[in-house]
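Architecture and fold: a report
Residue-level listing of the chains:
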Amino acid sequence: MLTSAPAAVSPNACAVEAAARQFLLSLKKDCHLLVAVSGGGDSFGLLTALDEMRIASGRPDVRLWAATVDHGLRAAAAEEAAWVASRCARLGVAHRTLLWEGEKPASGLMAAARNARYRLLGGEAERIGADAIVLAHTMEDQAETLAMRRARNGSALASGMAGRTLVGGAIWAVRPLLHVRREDIRAFLNARDLRWIDDPSNDDTRFERVRMRRLLHNRVEVLANEAEKAARAREALSLRAAALFADAVTLHDGIVAEIDAGRFASEHDPARYLLNILIPALGGLAYGPGGAALDRAMALCAAPHGARMTAGRCLFEKHRHSLFILREGRALVDAEIAPGGAAVWDGRFRIENRACEPRRIRAVGDGADDPDHIAGLPRRLARLAGAVRPAVPAASGVSCSPYLAPFDRFLPGFDLALANSLAEAFARPAYPDPALAYLR
Ligand SMILES: Nc1ncnc2c1ncn2[C@@H]1O[C@H](COP(=O)(O)OP(=O)(O)OP(=O)(O)O)[C@@H](O)[C@H]1O
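Residues numbered from 1 in each chain as written. Predicted model: local features only at pLDDT ≥ 70, side-chain atom pairs only at ≥ 80, totals over all residues. Heavy atoms only, no water.

With that settled, the discussion passes to the sheet that holds strand 3 (residues 63-70). Ordered by their spatial adjacency, seven strands build an open sheet running 4-3-2-5-7-6-19, and the pairing between neighbours is mixed. Each edge of the open sheet is held by one strand with a lone partner, namely strand 4 (94-99) and strand 19 (410-412). Here the average twist between neighbouring strands, direction ignored, is 30°. By the bridge criterion, three bridges tie strand 2 (residues 32-36) to strand 5 (residues 132-134) in an arrangement that is parallel. (Pairing = 2+ DSSP bridges. Helix = DSSP H or I, 4+ residues; strand = E, 2+ residues; numbered from the N terminus. Axes fitted to C-alpha atoms, helices over the stretch in contact; angles between N-to-C directions.)

Summed over the entire model, instances satisfying the criterion amount to three aromatic pairs. Taking 5.4 Å as the distance between ring centres and 65° as the angle between the ring planes, the aromatic pair formed by Phe44 and Trp83 counts as edge-to-face. Placement of Phe44 in helix 2 (residues 41-56) and of Trp83 in helix 3 (residues 77-91) is noted, with a sequence separation of 39 residues between them. Both residues of the pair, Phe44 and Trp83, belong to the buried class. Note on Tyr118 and Phe410: the rings are 5.1 Å apart at their centroids and 85° apart in plane angle, and the pair reads as edge-to-face. With a gap of 292 residues between them, Tyr118 in helix 4 (residues 109-128) and Phe410 in strand 19 connect regions that are remote in the sequence. This pair shows no difference in class: Tyr118 is buried, exactly as Phe410 is. In this arrangement the basic side chain of Lys104 is found over the ring face of Trp100, its NZ or CZ atom lying 4.7 Å from the centre. (Phe/Tyr/Trp six-rings, centres within 6.5 Å; stacked < 30°, edge-to-face > 60°. Buried < 20%, exposed > 50% of the residue type's maximum accessible area, 1.4 Å probe, protein only. Lys NZ or Arg CZ within 6 Å of the ring centre and 35° of its normal.)

To continue, consider the UniProt feature "binding site: ATP" (unreviewed entry) in the protein. The UniProt record annotates "binding site: ATP" (unreviewed entry) at Ser38, Gly39, Gly40, Gly41, Asp42 and Ser43. Overall, the relative accessible area of 48% leaves Ser38 in the partly exposed class. When sequence neighbours within four positions are dropped, the list of residues in contact with Ser38 reads Ser43, Thr68 and Val84. Relative to the helices and strands, Gly40 is located in the loop between strand 2 and helix 2. (UniProt positions renumbered as here; feature names shortened; annotations may be inferred. Contact = heavy atoms within 4.5 Å.)

Let's shift gears to the site of the ligand. Neighbouring the ligand are 15 residues, the closest being Ala36, Val69, Arg114, Arg117 and His137. The side chain of His137 places a nitrogen or oxygen atom 2.9 Å from an oxygen atom of the ligand. Summarising the interface, the protein chains cover 81% of the accessible area of the ligand, which totals 610 Å² for the free molecule. Broken down by secondary-structure element, the contributors of at least two residues to the shell around the ligand are strand 3 and helix 4. Within the shell around the ligand, the residues separate by chemical class into seven nonpolar, five polar and three charged. (Near = heavy atom within 4 Å. Polar contact = N/O pair within 3.5 Å; in protein donor to acceptor, adjacent residues only side chain to side chain. Areas by Shrake-Rupley, 256 points an atom, 1.4 Å probe, with all protein chains shown as cover. Nonpolar A, V, L, I, M, F, W, Y, C, P; charged D, E, K, R; others polar.)

What follows is about the packing of helix 2 against helix 3. Two numbers describe how helix 2 lies on helix 3: the axes approach to 12 Å, and their chain directions differ by 10°. Here helix 2 is positioned roughly parallel relative to helix 3, judged by the angle of their axes. When helix 2 is examined against helix 3, the residues Phe44, Leu47 and Asp51 are found in contact with a partner set consisting of Trp83, Arg87, Cys88 and Leu91. A per-class count over the contact of helix 2 with helix 3 returns five nonpolar, no polar and two charged. (Parallel < 35°, antiparallel > 145°, perpendicular 65-115°, else oblique.)

So, about the side chain of Asp346. Checked against the element boundaries, Asp346 lands in the loop between strand 15 (342-345) and strand 16 (349-353). On the basis of relative accessible area, Asp346 is assigned to the buried category, the value being 12%. At 2.8 Å, the side chain of Asp346 and the side chain of Arg327 are in polar contact. Setting aside anything within four residues of it in sequence, one finds Asp346 in contact with Gly283, Gly284, Arg313, Arg327, Ala331 and Leu332.

On to the state of the cysteines, then. Throughout this description, disulfide means a covalent bond between two cysteine sulfur atoms. The tally for this structure, following the rule as stated, stands at zero disulfides. Cys88 carries a free sulfur, and the closest cysteine sulfur to it, the one in Cys31, is 18 Å from it. Residue Cys88 is classed as buried on the basis of its relative accessible area of 1%. Of all cysteine sulfurs, the one in Cys314 lies closest to Cys301, which takes part in no disulfide; the gap is 14 Å. (Disulfide = S-S within 2.5 Å.)

Across the sheet, five strands lie side by side as 9-10-13-12-11; this open sheet has antiparallel pairing. Every other strand in the sheet has two partners, leaving strand 9 (249-252) and strand 11 (308-311) as the edge strands with one partner each. The mean angle between the axes of side-by-side strands here comes to 20°, regardless of whether they run parallel or antiparallel.

The subject of this paragraph is helix 11 (residues 291-300). Listing the buried residues of helix 11 in full gives Ala293, Leu294, Ala297, Met298 and Leu300. For helix 11, the arc enclosing every buried residue in end-on projection is 155°, short of the 170-degree limit, so these residues lie on one face. In this structure, the buried side of helix 11 is in contact with helix 9 (261-266), helix 10 (268-283), strand 11, strand 12 (314-319) and strand 13 (322-327). (Arc of directions from axis to C-beta.)

On to the pattern of salt bridges. For the coordinates displayed, the defined rule picks out 35 salt bridges. Put simply, Glu336 and Arg360 hold a salt bridge, and the shortest N to O gap is 3.8 Å. Pair noted here: Glu336 is in strand 14 (residues 335-337) and Arg360 is in strand 17 (residues 359-361), with a separation of 24 residues, a long-range link. Overall, the relative accessible area of 53% leaves Glu336 in the exposed class. With a closest N to O distance of 2.6 Å, Arg428 and Asp408 form a salt bridge. Here the residue Arg428 occupies a position in the loop between helix 14 (416-425) and helix 15 (434-437), and Asp408 occupies one in helix 13 (residues 405-408), the gap between them amounting to 20 residues. Using a relative accessible area of 17% as the deciding quantity, one classes Arg428 as buried. The exposure class of Asp408 is buried, given its relative accessible area of 7%. Through salt bridges with shared partners, one network takes in Asp42, Asp141, Arg182 and Arg186. (Salt bridge = Lys/Arg side-chain N within 4 Å of Asp/Glu carboxyl O.)

See the structure below:
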């Protein structure tokens, strides 16, 4: 384990105190926070600042917990978590180490580790009854994220990280240091003679983020300002998409979207944004197809009757004035659900098994459903839609509720209104309102 304390002390150490104070003052009374502390300078600085400023800003009612995720990927991780635990004990903050157990994937390890980290933090927040999770992403993280998304998507509409993200449909993860420079956090810790752990992967140029960091040099503030503007533009676009959803989309039985093709063709930007959410919601994937697939789907709005395509596990069909979208009938995988267990099936339905035996969930398949069952749908589409539902026999002890893949794992704050419009149409509860969850 390495700890370090570079000598330079920036005059901006108080930026950390100011951000912590502002955040604390925004919180509801008796707010319970779970601070995600890796032991690095950013998150240890955040915990220290929140602890100190709780008293200094007159918010002793705010209670802090801390958690460290040991991904089980580096030998030193357990020792680092123990170090965080010892620092928390000194501050009088309850701490828990959360271990990522089970098989690790051979590819996509970093994304899987990130998903596991948020799942574990969400579970711990629920266990202790926290009102929000607090993360220590900095201005540098914001600038790197924006630059990486631009490089990947080549889009002028790329945005940075949201100031808050709903995790697992249940708890908001908040980023109060998004406007604070990393060097200021280091200066804050140095001024208190506190040390932290330097994670060696922060210098590992096999990671895109590390390579991007080296390229950015002195563009951090410029990019962070651009991220701020992009966030406002994205939120406005998302609101327009929500209005378009209400006006120009009919959802049949929570399984087929019927789009007013003329409206979509005439409102290109919000329509494209909305399609990139509707497609994964109906296809059961976490992300929309973006790029060329999305352009083809938009072009289909103006195509003649009978035009078809597939993308993002969805079938698209143009009928006179409507574009229909539904899950296509391939790659529907069976799932076995243990007694008393729950799982997400096909990324579209949350299935709970209250029976005493395991239950195997599969798609209804061809020819099993009443083709006229879905009112207002052409018979052939009704039959196709019936076939991609989960087969849930009556009185089997199994219940099934809609799952919105693009939002139920991670919902960026920008999209809250849009997510709630979809939640209502899919007949599922609204997502938690930050104003009720943790804000004053
Ligand atoms: N092992 C960990 N245990 C607890 N919290 C962590 C851990 N790793 C990261 N965090 C939290 O997440 C914040 C961001 O960390 P980091 O920049 O490494 O994550 P990232 O993967 O780049 O971002 P994201 O988690 O949004 O994808 C940290 O400041 C800390 O609050």
